[in-house]
Structures are given as structure tokens and as C-alpha cells.
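Single-letter residue listing:
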Amino acid sequence: MASHLSRMGVPQEERPTILEKLFHVVQAAVPGGHIFVLIADVTVRLLGSFNDHGNIAHPLRESSIIKIHVNKLCFKTYEIRDIDYHIISSTDTVASESLETYRVKFIPATRSSIEGLQRVRLDSLEEPTIKQNLSCSICMNEFAQGGVDQLITHLPCSHRYHVVCIIRWLETSHVCPLCRYPLPSVEDGEPSNS
Amino acid sequence: MQASRARLFKEYKEVQREKVADPDIQLVCDDSNIFKWTALIKGPSETPFEGGIFQLAFAVPEQYPLQPPQVRFLTKIFHPNVHFKTGEICLDILKNAWSPAWTLQSVCRAIIALMAHPEPDSPLNCDSGNLLRAGDIKGYHSMARMYTRLAAMPKKG
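Given the structure is predicted, the values throughout are model-derived calculations rather than measurements. (Residues numbered from 1 in each chain as written. Chains lettered and ligands numbered in written order. Predicted model: local features only at pLDDT ≥ 70, side-chain atom pairs only at ≥ 80, totals over all residues. Heavy atoms only, no water.)

J.: What am I meant to see in the overall build of chain B here?
T.: The helix and strand tally for chain B stands at four helices and four strands. Secondary structure of chain B in N-to-C order comes out as α-β-β-β-β-α-α-α. For chain B, buried positions account for 54% of its 157 residues. In chain B, 56% of the contacts between residues at least 6 apart in sequence involve partners at least 24 apart. When the accessible area of chain B is evaluated, it comes to approximately 7200 Å², of which 54% is carbon and sulfur surface. (Helix = DSSP H or I, 4+ residues; strand = E, 2+ residues; numbered from the N terminus. Buried < 20%, exposed > 50% of the residue type's maximum accessible area, 1.4 Å probe, protein only. Contact = heavy atoms within 4.5 Å. Areas by Shrake-Rupley, 256 points an atom, 1.4 Å probe, with all protein chains shown as cover.)

J.: Could you clarify how one ought to interpret the overall build of chain A in this entry?
T.: Of regular secondary structure, chain A possesses six helices and six strands. In sequence order, the secondary structure elements of chain A are arranged as α-α-β-β-β-α-α-β-α-β-β-α. The burial tally for chain A puts 32% of its 194 residues in the buried class. Partitioning the intrachain contacts of chain A with sequence separation of at least 6 by distance along the chain shows that 54% fall at a separation of at least 24.

J.: Any chance you could explain the packing of helix 3 (residues 126-133) of chain B against helix 4 (residues 137-151) of chain B here in plain terms?
T.: What describes two packed helices is the angle between their axes and the distance between those same axes. All names here are of chain B. Between helix 3 and helix 4, the least distance of the axes is 7 Å, while the angle of their chain directions is 145°. Seen along the crossing, helix 3 lies across helix 4 with a hand that is left-handed. Touching Ser 128, Leu 131 and Leu 132 of helix 3 are Ile 137, Gly 139, Tyr 140 and Met 143, all from helix 4. (Axes fitted to C-alpha atoms, helices over the stretch in contact; angles between N-to-C directions. Left-handed = near helix turned anticlockwise from the far one by under 90°.)

J.: How do you make sense of the confidence of the model for chain A when you look at a structure like this?
T.: Interpretation of the predicted coordinates at a detailed level should be avoided for regions scoring low in pLDDT. All names here are of chain A. With 56% of its residues at a pLDDT of 70 or more, chain A shows a mean pLDDT of 69. Taken element by element, chain A is modelled with least confidence in strand 3 (residues 74-80), mean pLDDT 39, and with most confidence in helix 6 (residues 163-170), mean pLDDT 95. In this model, residues 44-99 is a region of pLDDT below 50 whose contacts with residues beyond four sequence positions or in other chains number 118 contacts. (pLDDT = per-residue confidence, 0-100.)

J.: How should I be thinking about the sheet that holds strand 5 (residues 151-154) of chain A in this particular structure?
T.: All names here are of chain A. Here three strands make up an open sheet; going across it, the order is 4-5-6 and the pairing antiparallel. Both outer strands of the open sheet, strand 4 (120-121) and strand 6 (160-162), are each paired with one neighbouring strand and no more. Note: strand 4 against strand 5, two bridges, orientation antiparallel. Residue Val 120 lies in a different strand from strand 5, and its bridge partner there is Ile 152. Running at roughly 95° to strand 6, helix 6 makes contact with strand 5 and strand 6 of the sheet. (Pairing = 2+ DSSP bridges.)

J.: Looking at this structure, I do not really get unusual backbone geometry. What am I missing?
T.: Where the residue is not glycine, phi is negative for most of them; where a peptide bond is considered, it is trans in most cases. Backbone torsion omega between Tyr64(B) and Pro65(B) reads 5°, so that peptide bond is classified as cis. With respect to the helices and strands, Pro65(B) occurs in the loop between strand 3 (53-59) and strand 4 (70-73). Phi at Ser158(A) takes a positive value of approximately 75°, unusual for a residue other than glycine. The class of Ser158(A) is partly exposed, set by a relative accessible area of 44%. One non-glycine residue with positive phi stands out, namely Glu46(B), at about 60°. The residue Glu46(B) is located in the loop between strand 2 (36-42) and strand 3 in this model. Note on Glu46(B): relative accessible area 77%, which makes it exposed.

J.: Honestly, the environment of Trp98(B) in this entry has me stumped. Any pointers?
T.: Within the fold, Trp98(B) resides in the loop between strand 4 and helix 2 (104-116). The class of Trp98(B) is buried, set by a relative accessible area of 1%. Sequence-wise, Trp98(B) and Gln67(B) are 31 residues apart; in three dimensions their C-alpha atoms are separated by 7.4 Å. If near-sequence neighbours (up to four positions away) are discounted, Trp98(B) is found in contact with Phe106(A), Trp169(A), Tyr64(B), Pro65(B), Leu66(B), Gln67(B), Pro68(B), Pro69(B), Asp92(B), Ile93(B) and Val107(B). Separated by 2.8 Å, the side chain of Trp98(B) and the backbone oxygen of Pro65(B) make a polar contact. (Polar contact = N/O pair within 3.5 Å; in protein donor to acceptor, adjacent residues only side chain to side chain.)

J.: Could you clarify how one ought to interpret the side chain of Asn125(B) in this entry?
T.: For Asn125(B), the position within the fold is in the loop between helix 2 and helix 3. Side-chain polar atoms of Asn125(B) contact the backbone nitrogen of Ser128(B), separated by 3.1 Å.

J.: It is not clear to me how the pairing of strand 1 (residues 25-29) of chain B should be interpreted in this structure. Could you clarify?
T.: In regular strands, side chains alternate between the two faces of the sheet. All names here are of chain B. On strand 1, burial follows the alternation: Ile 25, Leu 27 and Cys 29 on one face are buried, whereas Gln 26 and Val 28 on the facing-out side are not. Here five bridges tie strand 1 to strand 2, and the two strands are oriented antiparallel to one another. Pairing of Cys 29 across the sheet is with Trp 37, part of strand 2. Linkage of strand 1 to strand 2, two consecutive antiparallel strands, is achieved through a turn of six residues.

Here's what the structure looks like:
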């Protein structure tokens, strides 16, 4: 507690008074409950003689919040720093720049497993098969809306995709987009361009 | 580039059609740039985020959907898997577990699920993660609730 107060810049001579007040609140609190304490550094300037009322010149110059968790006889404190009541600025250039360059590294499928895919024309598939797999989950286009000559393939897990779409994906990652069924990957030992 | 544009346009049309279907998600494409989207999601019920509206920013890469969109919270949130300052989200499907079968809409649903089920063992916000790992559910709940009130709820009066 005392270290929290010192980090907040509370003068040494003020600390016993604040701690005493805090313990007073803690003793009166329901065990297991939470107390939020606002400690404000307020500059007070006296106007006129000592008999006049004090006047707050700089309200809340600096403030911090200490949260006290009462749990039987022991308690924890958490200090909340840099409270930002507003949303993060969308023009936060540092954050957006670092995001722009970020790329996820996947493990591609082997060249042979990509080349070994069966390729069939849409019109050679049976009607129920097309109905079962309405659209390609990579481009989101319905198979039925494309030309009859579009090439379709299926992975060993039987999920169907456009040949062009799934090749682009398998050259990126070796797992089925829908069920994560893994094809042989370049990390399994076979080089990608053999 | 062309493939990503076509795919995003497809999603755009889907969002227009599904708007009423999912009242918890409001996904909007930037007027002039189809690679920039924002979403408003409702904090899931029975969580400290209930009643809050959280804004997400999407930056879609040119390689989309082969690469995941980059998503972050614009609204301040106290959650183990969201960076307190930048709003960055630690979620497997936005990293190595990404698949092109995910859409911007389903990513929003995954983020709502993450809000309800935090993963304190891979924290971006250590303070939040430590509260949960120490078993201080009440402490986590009250902190998260306070920030929901401060940042994600309309100001009263």
C-alpha cells in the first residue's frame, strides 16, 4: 500500500493519514466485496484571512485510483494506470503500420499433393453432389452459378473447391479450409518444388 | 488483389442480406475502400461486457482470404486477450488457425465468443490474465465491468 502511495507521488507526511482512512473503510466493508478508492491531489489556496473558507484552485490536478480487494484479513491492491476514457485514436499510425506488414506464416502443401488432385468439370459431377456442396468456401461463389466448364476438385476429406481457388490456398497452407484435414506438407520432409 | 476484391464484394452483399439475421453484429464497409471495415458488436450477455457496444476495425490484406484480416478493438476493453493500449486481439483464427472459409462476419462471431470465454493463459493484457489465473473472478469482473461502463456504454446525462 505504502509503495503504491509513493509511486503516486503522495508526500511522506500525508501517507499515515491516507492509510488510516483506507483501513477505516476496509474495516467497515463487507468481506469479499470490492472498494474503489479515488485519491485526488488537490491544490487548495486560501483566500483572505485564515477564518475564510478554502477555495479549490486546481481541482483534480492529478488523480489515481487504487482498488482494494477485501478478502478476510488479507487484501490485494491493483493500481490502474493511464486511464483512457476514450476510444483509441484510429489514426494511431505506429499500430496501423506494424499491422500492415504482418503476415501469418503457414505451412504449404507439397507440390506433388497439389498436382495429384483430381480435377473434374462441373458438368461431369452428379446433381446431388453439387447440391451438397453449394459453393466454394474460398471465393464464396456458388458452383451452379459458374460455367459448366469450371474445374472442381475435392480433398481427401471430400470437401469441394474450385481448382484455382484450392491451389492458391494449398500453396499457402496444407490444411482443408473447412475441416483442417492435413495434406502432406513441406515440413513432412518432401521439398515444395520437387 | 482482384480475387480479394471479388470475395469482399461477395461478403458485402451477404452482409446487406443478413443484416437482420444477427442483431449482435453490425458490419460496415468503408465508403471508399473495400479493404477497410468497421464493426459494432454487442457485449455478450452474462459477461462483464453485457450492455456495451464495442467497435472493431478491420484491415483486410490484399492476399485475403489466403491471409486473415487484421482486427483490433477501437473501444477500450479489459480482457486477457486484448491489448489494453492498441486493441490488438490474440485469437488463433486471426493467426495460424486462419482459414479462407472464415468471413468478416464469422470473425466477429468468434470475437464475441472470445469475450465470453477468455483464455488467461495467452494474455495480451497481463493484469487481466493474472486476475483470472489467480482465481479472482470478482476482481476481473469488476474491472472489466468498470471499463465497459466507461468506454462501451452511452454516457448518461
